[in-house]
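Here is how the chains run, residue by residue.
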2 protein chains.
Amino acid sequence: MIEKLNLTMLTDFYELTMANGYFESDMAEDIAYFDLFFRQIPDGGGYAIMAGLEQVINYLDNLEFSEEDIAYLEKKGIFREEFLDYLRNFHFVCDVWAVPEGTPIFPGEPIVTVRGPVMQAQFVETMLLLQINHQSLIATKANRIVRAAGGRPVMEFGTRRAHGASAAVYGARAAYIGGCSGTACAIADRDYGVTALGTMAHSWVQMYPNEYEAFRKYAEIYPDGCTLLVDTYNVLKSGVPAAIRVFDELQPKSKGIRIDSGDVAYLTKKARKMLDEAGHEDCQIVVSNSLDEYIIQDIIVEGACIDSFGVGERLITSKSEPVFGGVYKLSALEKDGEMIPKIKISENIEKITNPGFKTVYRLFDRDTNKAIADVITLDGEPVPEGDGYEIFDPRAVWKRKKLYNFYAKNLREPIFEKGKCVYQIPSIDAVKEHCKEQISTLWEETLRFENPQTYYVDLSPALWQMKNQLIEEHNKF
Amino acid sequence: MIEKLNLTMLTDFYELTMANGYFESDMAEDIAYFDLFFRQIPDGGGYAIMAGLEQVINYLDNLEFSEEDIAYLEKKGIFREEFLDYLRNFHFVCDVWAVPEGTPIFPGEPIVTVRGPVMQAQFVETMLLLQINHQSLIATKANRIVRAAGGRPVMEFGTRRAHGASAAVYGARAAYIGGCSGTACAIADRDYGVTALGTMAHSWVQMYPNEYEAFRKYAEIYPDGCTLLVDTYNVLKSGVPAAIRVFDELQPKSKGIRIDSGDVAYLTKKARKMLDEAGHEDCQIVVSNSLDEYIIQDIIVEGACIDSFGVGERLITSKSEPVFGGVYKLSALEKDGEMIPKIKISENIEKITNPGFKTVYRLFDRDTNKAIADVITLDGEPVPEGDGYEIFDPRAVWKRKKLYNFYAKNLREPIFEKGKCVYQIPSIDAVKEHCKEQISTLWEETLRFENPQTYYVDLSPALWQMKNQLIEEHNKF
């Protein structure tokens with residue numbers, strides 16, 4: 001949907017002033033490396049889920065400056081005609097590497113790297129961050145909620161509370177990647193293959209003289225997908241009895257009730273009993289009232305009888321933590337064929353960046369196929385291997401550990417080569433499957449909602465040395 | 001931008017199953033009234049700001065079912081050809097009333113009402129909620145932040161952390177309505193006239209051997225808008241001195257520094273002193289590090305020397321409260337020319353809806369022009385007027401108050417008549433001005449951030465009576 005639009009101007013204005021600045025200072029063609037990474041996992045979780053890459057690819061593949069864009073920039077009165085001409089003839093020529101969607105990711109890892117002429121590699125910052133931050137946020141939240149539901153399907157129901165149209169559509173997409181079974185949002189179904197379902201609002205019930213008539217009419221029209229909303233007036237006194245009467249009379253093929261308010265633990269237990277006693281053991285109970293992973297966990301513990309969940313605003317806005325703090329930082333320059341690593345120093349240790357052109361390996365145990373640790377290495381370093389390979393915690397370097405009997409997998413794939421997409425975008429179902437599979441390689445300790453074990457993200461000795469050297473050089477000033 | 005797209009399928013799927021249900025049951029042309037209202041002001045504030053109406057109008061004005069939509073619906077296998085034919089020939093014929101953008105709004109008020117054939121009036125629910133919820137959320141948050149800044153300009157800087165493209169663009173638009181001076185987002189400038197500004201990222205500084213060279217180059221290219229980012233290495237030791245050297249050497253017309261990290265209260269005081277001592281009293285200091293209304297208020301109290309603010313993620317996501325809980329509820333039906341008011345009962349008193357076709361008046365004091373109270377009345381009731389007009393609190397009916405020397409203003413305007421837009425959409429600057437003006441009619445007690453006085457929203461006696469009668473009728477069951 002959005003991709004068909006020209007979104008080139010969906011950028012922080014400073015990307016334009018900087019691009020022009022590089023153009024005016026003859027640095028435009030200097031080769032720069034930028035890493036996209038994040039610093040903190042939302043909700044204090046043990047891992048995040050990579051998402052949004054497909055939209056990044058579509059954006060980069062269609063990146064051009066239209067006459068409308070040029071006219072707008074001309075009007076600003078700060079750009080020379082030569083620069084506008086450059087934009088008119090703009091062709092994206094960068095190389096891009098990225099971690100595929102659905103992969104568990106951890107703080108500090110270069111989940112995307114862009115290499116190319118600095119004015120181009122810099123320019124794409126805003127949109128890359130926007131897409132990856134948004135969808136990774138929602139995929140990560142969805143995954144927490146889906147895990148809380150313990151195998152019961154979770155539907156994404158948040159369209160009306162999303163932050164605008166793209167938040168609704170790509171939020172539904174990201175939620176599906178994170179493990180949701182479907183969405184209420186029809187356009188996400190039409191355009192992204194995220195199955196959409198939906199039955200009735202309270203207004204349907206209110207349009208009829210009573211619940212029985214409203215339900216009966218609905219069951220006549222939709223005998224194959226008949227989920228009745230039973231809480232317009234009173235769930236146990238009128239809603240469920242009316243539903244049972246209609247199920248008795250019409251025997252629809254698929255029966256369900258939905259409860260959207262009240263104490264769902266209590267109500268679902270009572271409703272389940274009423275339905276079973278009436279012989280409708282096959283009637284599904286759907287619940288959908290301001291849910292999130294914490295409430296779902298609680299009501300399951302309370303013994304609520306629920307077959308599936310609809311989760312709205314707290315998923316589509318990631319209410320408890322609506323910001324995914326991805327950043328995009330310069331990590332290296334190429335000047336006259338020489339690689340110059342770059343670092344951003346900060347008072348805050350965690351804000352100091354990892355310099356150089358890097359990649360990430362995940363090390364798996366050969367026996368269990370469980371993920372042991374990730375290692376960020378410099379480009380060209382050998383793949384971690386061998387018995388006795390030593391990793392250490394960069395925040396506590398005295399913590400060292402020798403690894404045996406493991407294999408390493410490079411987490412990143414080449415996405416663009418010289419501006420040409422070389423990546424086969426997988427289907428959304430393949431991404432979802434990949435996500436499920438990869439999460440199954442994480443230890444329980446990492447999966448925990450509260451205070452999970454911090455997963456090891458190691459730096460290779462060469463990278464560690466380069467980083468410390470650059471910090472020391474800066475300290476000399 | 002988004003409006004040019006066909007977003008008809010950006011809807012909860014149940015709007016489609018219900019529309020088809022009404023079609024199949026010959027109720028399609030029954031006339032229904034739906035109210036859009038919200039229940040709680042975000043962040044415990046005293047008022048919210050209406051926003052998003054322009055996008056609602058664009059949506060309704062272009063509402064049609066494309067062949068792509070029809071093909072998608074056909075594939076779902078639950079709709080008959082007659083219904084799809086109806087959609088093919090769909091023309092929006094409803095009446096719509098709404099509170100103009102930029103107006104302060106309060107819980108329970110029908111800020112939008114749609115009247116028309118039930119299948120149409122119901123169908124538009126999702127998109128109306130999506131647009132109004134999103135933009136009202138951001139406009140309300142922006143207004144809080146702008147008020148905290150006490151007259152200093154606030155720029156919206158959140159594009160990269162927005163929930164997708166529309167969240168960035170319409171978020172920038174809503175923030176401008178709420179009082180922001182501009183945005184970092186270029187497309188919001190191009191398409192919505194929200195002034196975009198921006199200078200440099202840390203990477204610009206990192207690209208050069210040192211800050212002095214980076215700043216000097218920038219000042220040469222942009223002598224008219226030269227804001228230098230001084231915190232790449234060390235604000236006071238290297239950043240500010242380098243900026244001063246460049247200001248001395250090049251004397252740019254407009255001088256500024258931006259600080260994006262660290263203890264900004266301390267740093268801005270020190271930086272101000274250094275700049276002043278160097279004769280750059282006209283150099284502006286801009287601050288932009290995870291700000292919101294609370295932090296801004298605090299650092300101003302601490303005596304920070306700040307001329308303007310850039311506010312990012314906490315504004316564009318409304319981080320402290322990312323959900324605006326607007327709902328869309330059936331309030332009446334017309335059957336055979338007779339008006340049948342409808343109510344939704346709930347265990348939770350505040351969730352019981354106001355029945356009937358209604359409007360809202362705001363009562364202003366004739367001497368001070370301050371807003372005294374809002375009154376929701378039934379359509380056709382006389383305008384509140386006269387000395388001794390009695391209002392009461394519907395949550396505490398014994399609290400009564402007689403009003404003298406006031407005038408009433410209907411808050412709503414007709415937007416569509418029989419599907420035709422009859423509303424002249426004001427310019428965004430007019431909306432922003434309207435917002436500022438209308439907020440100035442609220443008492444200080446309502447403007448307070450914490451524990452504000454609850455503004456009176458009264459029901460007319462006729463509406464109150466109707467509501468109670470319907471509740472009693474329901475209780476008989």
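Residues numbered from 1 in each chain as written. Chains lettered and ligands numbered in written order. Predicted model: local features only at pLDDT ≥ 70, side-chain atom pairs only at ≥ 80, totals over all residues. Heavy atoms only, no water.

Q: Where do I start with the packing of helix 7 (residues 165–177) of chain B against helix 15 (residues 428–439) of chain B in this structure?
A: Any two packed helices are characterised by how steeply their axes cross, that is the angle between the axes, and by the distance between the axes. Residue and element names in this part refer to chain B. Packing of helix 7 against helix 15 leaves a shortest axis separation of 8 Å and a crossing angle of 45°. Regarding the angle of helix 7 to helix 15, the classification is oblique. Within the contact between the two elements, helix 7 uses R173, Y176 and I177 and helix 15 uses I428, D429, V431, K432 and C435. A breakdown of the residues in the contact of helix 7 with helix 15 according to their chemical character gives 5 nonpolar, no polar and 3 charged. (Axes fitted to C-alpha atoms, helices over the stretch in contact; angles between N-to-C directions. Helix = DSSP H or I, 4+ residues; strand = E, 2+ residues; numbered from the N terminus. Parallel < 35°, antiparallel > 145°, perpendicular 65-115°, else oblique. Contact = heavy atoms within 4.5 Å. Nonpolar A, V, L, I, M, F, W, Y, C, P; charged D, E, K, R; others polar.)

Q: Just to check I follow, could you spell out the UniProt feature "domain: Nicotinate phosphoribosyltransferase N-terminal" (unreviewed entry) in chain A for this structure?
A: Here the UniProt feature "domain: Nicotinate phosphoribosyltransferase N-terminal" (unreviewed entry) sits at residues 9–133 of chain A. Note that residues 9–133 of chain A is 43% helix and 18% strand, and that its end C-alpha atoms are spaced 18 Å apart. (UniProt positions renumbered as here; feature names shortened; annotations may be inferred.)

Q: Explain the domain arrangement of chain A to me, please; I cannot follow it from the model alone.
A: A common measure of how large an interface is: the accessible area buried when the components associate. Here chain A is described as being made up of domain 1 (2–138 + 322–475) and domain 2 (199–289). Taking only C-alpha atoms, the centre of domain 1 of chain A and the centre of domain 2 of chain A are 49 Å apart. (Domains from an automatic or database assignment.)

Q: I keep staring at the state of the cysteines and nothing clicks. Help me out?
A: Put plainly, a disulfide is one covalent bond tying together the sulfur atoms of two cysteines. Residue and element names in this part refer to chain B. Enumeration over the complete set of coordinates arrives at 0 disulfides over all chains. The structure places no disulfide on C94, whose sulfur is separated from the nearest cysteine sulfur, that of C421, by 14 Å. On the basis of relative accessibility, which here comes to 0%, the residue C94 falls in the buried class. (Disulfide = S-S within 2.5 Å. Buried < 20%, exposed > 50% of the residue type's maximum accessible area, 1.4 Å probe, protein only.)

Q: Please explain the packing of aromatic side chains as it appears in this structure.
A: The geometry of two aromatic rings is summed up by the distance between their centres and the angle between their planes. One pass over the structure, following the stated rule, counts 42 aromatic pairs over all chains. Taking the centre distance of 6.2 Å and the plane angle of 40° together, the rings of F13 of chain A and F79 of chain A count as tilted. On the criterion of sequence distance, the pair formed by F13 of chain A in helix 1 (residues 13–24) and F79 of chain A in the loop between helix 3 (67–76) and helix 4 (81–88) is long-range, its members being 66 residues apart. Here the two residues F13 of chain A and F79 of chain A agree in accessibility, since each one is buried. With a centroid separation of 4.8 Å and an interplanar angle of 40°, the aromatic rings of Y33 of chain B and F357 of chain B are classed as tilted. Of this pair, Y33 of chain B sits in strand 1 (residues 31–37) while F357 of chain B sits in the loop between strand 13 (338–341) and strand 14 (358–365), and the two are 324 residues apart along the sequence. Taking relative accessible area as the criterion, Y33 of chain B reaches 3% and is therefore assigned buried. Members of the aromatic cluster, joined through ring pairs, are F13, F23, F65, F79, F83, Y86, F90 and F123 of chain A. (Phe/Tyr/Trp six-rings, centres within 6.5 Å; stacked < 30°, edge-to-face > 60°.)

Q: Would you take a moment to explain the sheet that holds strand 8 (residues 226–229) of chain B for this structure?
A: Paired through backbone hydrogen bonds, the strands of a sheet run either parallel or antiparallel to each other. Residue and element names in this part refer to chain B. The strand order across the open sheet formed by 6 strands is 7-6-11-10-9-8, and the pairing between neighbours is parallel. Two strands close off the open sheet at either side, each with one partner strand: strand 7 (182–183) and strand 8. One ladder, built from 4 bridges, connects strand 8 with strand 9 (residues 255–259); its direction is parallel. Looking across to strand 9, one finds that L228 is bridged to I257. (Pairing = 2+ DSSP bridges.)

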